[in-house]
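# Commentary on secondary and tertiary structure
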Amino acid sequence: MFKFLKVLVKNILQGPATEAFPLQPAKTPDRFRGRVTLNPDLCVGCGICSHVCSGDAIRIIPNEEKTGYHYTVWYNSCCLCGSCTYYCPTKAITMTNNWHNSHKQDDKFKMAEHHFIPYLKCDGCGAPIRLLPPHLATRIYAHSPVDIEKIIRLCPSCRQIATAERQGELNESNPE
Amino acid sequence: MSQTRNNVFDEIKNTFAQTDFPPLTWTTNNYNNLYAWLKLENPSQLTEAAKILQSLQARLCTITAYTEDRSNAAKQKAIAYHFAIHDILFCVTVQIYDKETLEPLAVPSITPYFRNADWNEREFMEMYNIKIIDHPNPKRLFLDERLDAGIMTQLIPFSSMVHGTGSRNLWEQVMLEKMGYVPESYKAALQEPEFTKVEETKKEAPKPQTEEKE
Amino acid sequence: METKQHETKSFSLPLGPIHVALEEPMYFKLELEGERVKHVDITSGHVHRGMELLATKRNFFQNVVLTERVCSLCSNSHPLTYCLAVENLAGIQVSPKAQALRVLAEEIKRTASHLFNVAILAHIIGYKSLFMHVMEVREIMQDVKETVYGNRMDLAANCIGGVKYSVNLELIEFIEKSLVRTEKHIKEIIDIYATDKMILRRTTNVGRISAEDVIKYGLVGPVARGSNVRIDTRKTAPYLIYDQLDFDMITETGCDVHSRAMVRLRETLESIKIIKQIIRNIPEGELNTLLPHIPAGEAMARSEAPRGELFYYVRTDGTDMPLRLKWRVPSYMNWDALEVMMKDCEVADVSLIVNSIDPCVSCTER
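Reading the values: rules and limits
Residues numbered from 1 in each chain as written. Chains lettered and ligands numbered in written order. Predicted model: local features only at pLDDT ≥ 70, side-chain atom pairs only at ≥ 80, totals over all residues. Heavy atoms only, no water. Contact = heavy atoms within 4.5 Å. Buried area = accessible area lost by both parts, 1.4 Å probe. Salt bridge = Lys/Arg side-chain N within 4 Å of Asp/Glu carboxyl O. Polar contact = N/O pair within 3.5 Å; in protein donor to acceptor, adjacent residues only side chain to side chain. Helix = DSSP H or I, 4+ residues; strand = E, 2+ residues; numbered from the N terminus. Nonpolar A, V, L, I, M, F, W, Y, C, P; charged D, E, K, R; others polar. Phe/Tyr/Trp six-rings, centres within 6.5 Å; stacked < 30°, edge-to-face > 60°. Lys NZ or Arg CZ within 6 Å of the ring centre and 35° of its normal. Pairing = 2+ DSSP bridges. Axes fitted to C-alpha atoms, helices over the stretch in contact; angles between N-to-C directions. Left-handed = near helix turned anticlockwise from the far one by under 90°. Domains from an automatic or database assignment.

For the rest of this paragraph, the subject is the interface of chain C and chain B. Interfaces are frequently sized by the accessible area removed from exposure as the parts join. The interface of chain C with chain B comprises 54 residues on the first partner and 44 residues on the second. Taken together, the two surfaces of chain C and chain B that pack against each other cover about 4,100 Å², and 54% of this comes from carbon and sulfur. Interface area lost by chain C to chain B is led by Lys57, Met300 and Tyr332 of chain C, which between them contribute 17%. Applying the counting rule to chain C against chain B returns six salt bridges. One salt bridge connects Asp336 of chain C with Arg115 of chain B, and the closest N-O pair in it is separated by 2.9 Å. Taken together, the connections running from chain C to chain B amount to 20 residue pairs in polar contact (both at pLDDT 80 or more). Elements represented by at least two residues in the side of chain C that touches chain B include exactly α2 (51-55), α4 (77-90), α5 (96-124), β6 (297-305), β7 (308-316), β8 (322-328), α13 (331-336) and α16 (361-365) of chain C. A breakdown of the residues in the side of chain C that touches chain B according to their chemical character gives 23 nonpolar, 12 polar and 19 charged.

Right, let's talk about the side chain of Glu365 of chain C for a bit. Here Glu365 of chain C is to be found in helix α16. Among the polar contacts made by the side chain of Glu365 of chain C, one reaches the main-chain amide nitrogen of Gly45 of chain C at a distance of 2.6 Å. In this structure Glu365 of chain C touches Phe142 of chain B together with Met26, Ser44, Gly45, His46, Val47 and His48 of chain C, once residues within four positions along its chain are discounted.

The final tally for this structure, using the stated rule, is 18 aromatic pairs over all chains. Here Tyr86 of chain A and Tyr87 of chain A contribute two aromatic rings whose centre-to-centre distance is 5.3 Å and whose plane-to-plane angle is 85°, an arrangement assigned as edge-to-face. Linked through ring pairs, Tyr86 and Tyr87 of chain A together with Phe61 of chain C together constitute an aromatic cluster. Geometry around Tyr86 of chain A places Lys91 of chain A over its ring, the cationic atom sitting 5.9 Å from the centre. Positioned over the ring face of Phe247 of chain C is Lys235 of chain C, at 4.1 Å from the centre of the ring.

Another point: the sheet that holds strand β5 (residues 112-118) of chain A. Sheet strands pair by backbone hydrogen bonding; their relative direction is either parallel or antiparallel. Residue and element names in this part refer to chain A. Strand order in the open sheet formed by three strands is β2-β3-β5, and the pairing between neighbours is antiparallel. The sheet is open, and its two edges are formed by β2 (58-62) and β5, each paired on a single side. Shown here is a sheet whose adjacent strand axes are inclined to one another by a mean of 15°, direction ignored. Across five bridges, β2 lies against strand β3 (residues 68-74) in antiparallel orientation. Counted as the bridge partner of Ile61 is His70 from β3.

A word on the packing of α5 of chain C against helix α7 (residues 169-195) of chain C. If you want to describe how two helices pack, look at the angle between their axes and the distance between the axes. Residue and element names in this part refer to chain C. Remark: α5 packs on α7, axes separated minimally by 13 Å, with the N-to-C direction vectors making an angle of 30°. The crossing of α5 and α7 is left-handed. Packed against α5, whose contacting residues are Leu104, Thr111, Leu115, Val118, Ala119, Leu121 and Ala122, the element α7 presents Ile175, Ile186 and Tyr193 at the interface. Split by residue class, the contact of α5 with α7 holds nine nonpolar, one polar and no charged.

Turning our attention to the interface of chain B and chain A. Listed as interface residues are 17 residues of chain B and, on the opposing side, 16 residues of chain A. Interface area, chain B with chain A, both sides summed: about 1,500 Å², of which 71% is carbon and sulfur. On the chain B side of the contact with chain A, Trp171, Glu177 and Lys178 of chain B bury the most area, a combined 35% of that side's loss. The interface formed by chain B and chain A contains one residue pair in polar contact (both at pLDDT 80 or more). When residues of the side of chain B that touches chain A are traced back to their parent elements, those giving at least two are α5 (165-179) and α6 (184-189) of chain B. Sort the elements by how many residues they give to the side of chain B that touches chain A and α5 of chain B lands first, with nine residues. For the side of chain B that touches chain A, the class distribution of residues is 11 nonpolar, three polar and three charged.

Residue and element names in this part refer to chain A. Per the domain assignment, the segments making up chain A are domain 1 (29-118) and domain 2 (120-176). For domain 1 and domain 2, the distance between their C-alpha centroids amounts to 29 Å. Contacts between the two partners involve 11 residues from domain 1, matched on the other side by seven residues from domain 2. Roughly 620 Å² of surface becomes buried between domain 1 and domain 2 when both sides are summed, with 57% attributable to carbon and sulfur atoms. Looking only at domain 1, the three residues that lose the most surface to domain 2 are Val44, Thr90 and Pro118, adding up to 50% of its buried area. Where domain 1 packs against domain 2, one counts zero salt bridges. Where domain 1 packs against domain 2, one counts three residue pairs in polar contact (both at pLDDT 80 or more). Of the residues in the side of domain 1 that touches domain 2, the class split is eight nonpolar, one polar and two charged.

See the structure below:
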């Protein structure tokens, strides 16, 4: 009993262990997995996020005219597992450390993020595409002689042709 | 491989070589853990296998009942018994239906040899409607007596039961809040949510019992 | 005369599923003779959610998250063992770096889980200030989890083929600092639990189970080790990098509630020892294999969760969803053995004995 009294005295001297939230801000680590957010500029619409999403919180649905797609995340069925962020190839969807998710029952359907993300036309064939994010293109084509500015505006098959043509031109000029 | 493991490995191999059972298959993983697989021909061999495993000082890890095929949920069932002998995992699999008629066969209880098979056997009795012979304590484990046994082969997700309407309404509400209207393509795409697609491909998918719901 | 008659009277006493001294919904029908428990009948199923069936309706990646939500206290062991099973099936090699990070997550969780259980022990015997203190120490590990992984319970550390997180120097220093604090406190707590008269009076020779019964009932984890049965998957069938780490298997010989608590407390120190070895020696390398294909087949895997051996069995048919996913948690056998531990115990000790198996109903019923 005496041993514990010692601990008790120490703890009393230390003062309260709890945080004074909401009177003071609560400490939140940078890595805290809070509400997700999408950067529509980086999204390529590959759908891996909704494939791995265990809460079924993400909907990616093209509009009728097929000129773009609606990207919707409903926060209330997101289980904050971070799989979408992890598997997203362009890191378009990320997690903030915002944990302030409490809301009134009436507001539940407002707890969502929605973006309409338009398609571009492929410079080669006109197929609807999303711009290949430049930071990703620089990595993919780091050792390739292609023009990054041009290649990101092409669809995957036109990109393949363009890369092959460029390689062919180079081989012709340096035939060793 | 350590000396003890070699001895245990030899002992298992020799013991089973003297029986009429089909030959064991051995596999290993990236961490050098060893796995033995035994496929019995019919459930009546189980008692004999249990006796041998008991003599090898096996510990029963668990028992898994399963249906062999996604599309044929109710009929072809099998059971996998998982044992640990020293650091070796030993899996005994047996199909519990008649190979020609597909009629289900009853399974002898191994609780007399492995005390902790009690709960496992009771669980698959109620979840998969498997008949057990001579179980010492054959009452319900998790399921209420009023529910039919075999629920794990009948159960369908709630979203499939209501044809995904719950999820459709939800997303329409979200779009209403965000855009003020529900895009037509949204309505069409939400007809069949991702989650329920498997159910649709089932040949003999159990029909949702809507009248019971009401 | 009147009192004597009363003492020997036998009656049955229902306990649970909702009860102040029980942490989880389980229904016990106790047959009593006076204050002594003569027979226990357990009725479960109050939180059965059909999760194994649900797992067959979702793809392999979604199931990592689903298994993490089977239970909160061993929430890292579930996805880890599930991933081990799937990796065994597909023959996926996990990099040494990912293995080290997996062990790191496991041991941080184990420390917090064990502290939680011994804190509840203090709570049940009415030693509230000690309960508060142990929970406060556990809070240091909770902060580690929140800072390193982003959540206090669900770490989301594992994925098929490796891990999803890495640690930088700043985090390593933070973990180290936290370990020093925790270790100091735990040593103090061990001393209190080993010598405090109030704890000893309530826990020694209570809920006894012999080594023979442990083997008969197939028990695992701190319950088995508290009865001096040497079962610890990390030692008996090493996985990940456990065979390269220096730590001891902790056993006690008392076979009672106190022994189990001491096993858990002393194991937290071993976990801290493991974490210390890892964080300064995390190898370089890839974190994981992205989106691997899972062929048809079957595989088993097991790991040592805080409560003991956790077992996973997976069957696949080449599609992206498992045909069958089965898991068996350590509590599964431990519940059944309560009938041995509670034999002839006092009614007042029932909840204490239940707590000593560190029960998890949500794990057991799935």
